[in-house]
Every structure is written in C-alpha cells, then in structure tokens.
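Summary of the model geometry
These are the residues of each chain, in order.
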Amino acid sequence: MHSFGYRANALLTFALTILALICALASLSDNLNSPSTSAEIQILNINWFQRHPDGNDEVSLTLNITADLQSLFTWNTKQVFVFVAAEYETPKNTLNQVSVWDGIIPAKEHAKFWIQTSNKYRLIDQGGNLRGKEFNLTLHWHVMPKTGKMFADKIVMSGYRLPDEYR
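Conventions adopted
Residues numbered from 1 in each chain as written. Predicted model: local features only at pLDDT ≥ 70, side-chain atom pairs only at ≥ 80, totals over all residues. Heavy atoms only, no water. Patch = residues over 30% accessible without salt bridge, like charges linked within 9 Å, V, L, I, M, F, W, Y side chains within 5 Å. Areas by Shrake-Rupley, 256 points an atom, 1.4 Å probe, with all protein chains shown as cover. Salt bridge = Lys/Arg side-chain N within 4 Å of Asp/Glu carboxyl O. Helix = DSSP H or I, 4+ residues; strand = E, 2+ residues; numbered from the N terminus. Phe/Tyr/Trp six-rings, centres within 6.5 Å; stacked < 30°, edge-to-face > 60°. Buried < 20%, exposed > 50% of the residue type's maximum accessible area, 1.4 Å probe, protein only. Contact = heavy atoms within 4.5 Å. Core = buried A, V, L, I, M, F, W, Y, C linked by side-chain atoms within 4.5 Å.

Taken together, the side chains of Phe14, Ile18, Leu21, Ile22, Leu25 and Leu28 make up a nonpolar region of the molecular surface, amounting to roughly 600 Å² of accessible area. Of note, isoleucine 22 is situated in helix H1 (residues 4–29).

What follows is the structure, encoded as structure tokens:
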C-alpha cells in the first residue's frame, strides 16, 4: 500500500500537469483570433518648432488620435499597451523612432477611443535634421495576455511633413 505522502504527491503532480495543459491550450487559442483594427492620426497644429542652442531640433504637436482596437480583446487579454511613434530617416540612421504618446487600455470597453492631445513626450532630433522632413506616425500596440506570450503589431500612417522653417 502507498503512503499518504506518495498519494498526495501523485495527485498534486497530476493536477499541475492538467493546469499546465489547460494554460497551453488557452494560449494557443489566441492564435485563432485575427483582429481587424483601425486607426487615424491627424496633426491639428504644430505648436512650436525650434532649434536648441546645442543644435537639437524640438517639435511640439497637437494630435487627434482615433482608434478602434476592440478586436484585440479576447477572453485571454489582460490589457493592451498602445503608443504613437514618429518615424523618419536621417543621413546617420535609416530609422529614427520617437515615442510621442502612449497609453494602457485595461478593457475592451475602452479600446475604441478618440483623444486630442499634445505630444506627451518631446519630439527631439539630435542633430537638427527635422526641417522639411517627411515622417510617419505609427500606432503600435502590445497585447498582454493573462497566459501565454505577448504579441505586437502596428498601423503606419504616412504623408506627414514638418515645416521648412523654425517657428
């Protein structure tokens, strides 16, 4: 006959194996979700565009951000981290990314939003390369599940241009 400790160990091992299997299946089920997201970003105003004494360019923008990210939420989604990045090229770097706004969406009810805001973080280029520069505004998101691996995606919106002169 087996002892009580041996039986408890076998029962606990079996329960944890079943729990791990359920978590793995839950994580795999998220791969079946194909989200259909939409977003639009408008630049309402360039508040200022100046050159610092150290040679860096700084821009302040007023943005109108509209997005529908509700399809990212499944039963396994804990929250979604969202941010807007300005992306542009310079002679030194083929890709420069500067985060200008971010937020955390805690629930599906908050995933369809419209916000008018100035950039939360300063858009600064080290080297004064922003005059007349064409750039993209990209809405990035990272889905944080309750179990399983995170995944990220983005929507790129192009066709933006900064002025040729400082303001």
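Here the narrative resumes, following the displayed structure.
In this section: the packing of aromatic side chains. Here the structure, examined in full by the defined rule, presents 4 aromatic pairs. A centroid spacing of 5.1 Å and a plane angle of 55° characterise the contact between phenylalanine 49 and tyrosine 166, whose relative ring orientation is tilted. Here tyrosine 166 lies in the segment after strand S8 (151–161) and phenylalanine 49 lies in strand S1 (residues 38–51), a separation of 117 residues in the sequence. Summarising the aromatic geometry, the rings of tryptophan 101 and phenylalanine 113 are spaced 6.1 Å apart at their centres and angled 35° between planes, so their arrangement reads as tilted. With a gap of 12 residues between them, tryptophan 101 in strand S4 (residues 96–105) and phenylalanine 113 in strand S5 (residues 112–118) connect regions that are remote in the sequence.

As a further point, take the environment of methionine 150. Mapped onto the fold, methionine 150 is located in the loop between strand S7 (134–145) and S8. The partly exposed category is assigned to methionine 150, whose relative accessible area is 47%. It is 23 Å that separates the C-alpha atoms of methionine 150 and alanine 86, two residues lying 64 residues apart in sequence. Leaving out residues up to four positions away in the same chain, methionine 150 has contacts with His142, Val143, Met144 and Pro145.

Among the nonpolar cores identified, the biggest contains 33 residues, and Leu69 and Trp141 are the most heavily contacted of them. For this core, the elements supplying multiple residues, two or more each, are S1, strand S2 (57–68), strand S3 (77–88), S4, S7 and S8. Among all residues touching tryptophan 141, those that are not within four sequence positions of it are Thr37, Leu69, Leu72, Val80, Phe81, Val82, Phe151, Ala152, Asp153, Lys154 and Ile155.

Along the chain, tryptophan 75 turns up in the loop between S2 and S3. Judged by relative accessible area, which is 53%, tryptophan 75 ranks as exposed. A C-alpha to C-alpha distance of 9.3 Å links tryptophan 75 and alanine 26, two positions 49 residues apart in sequence. Beyond its immediate stretch of four places on either side in the chain, tryptophan 75 contacts Ala26, Ser29 and Lys146.

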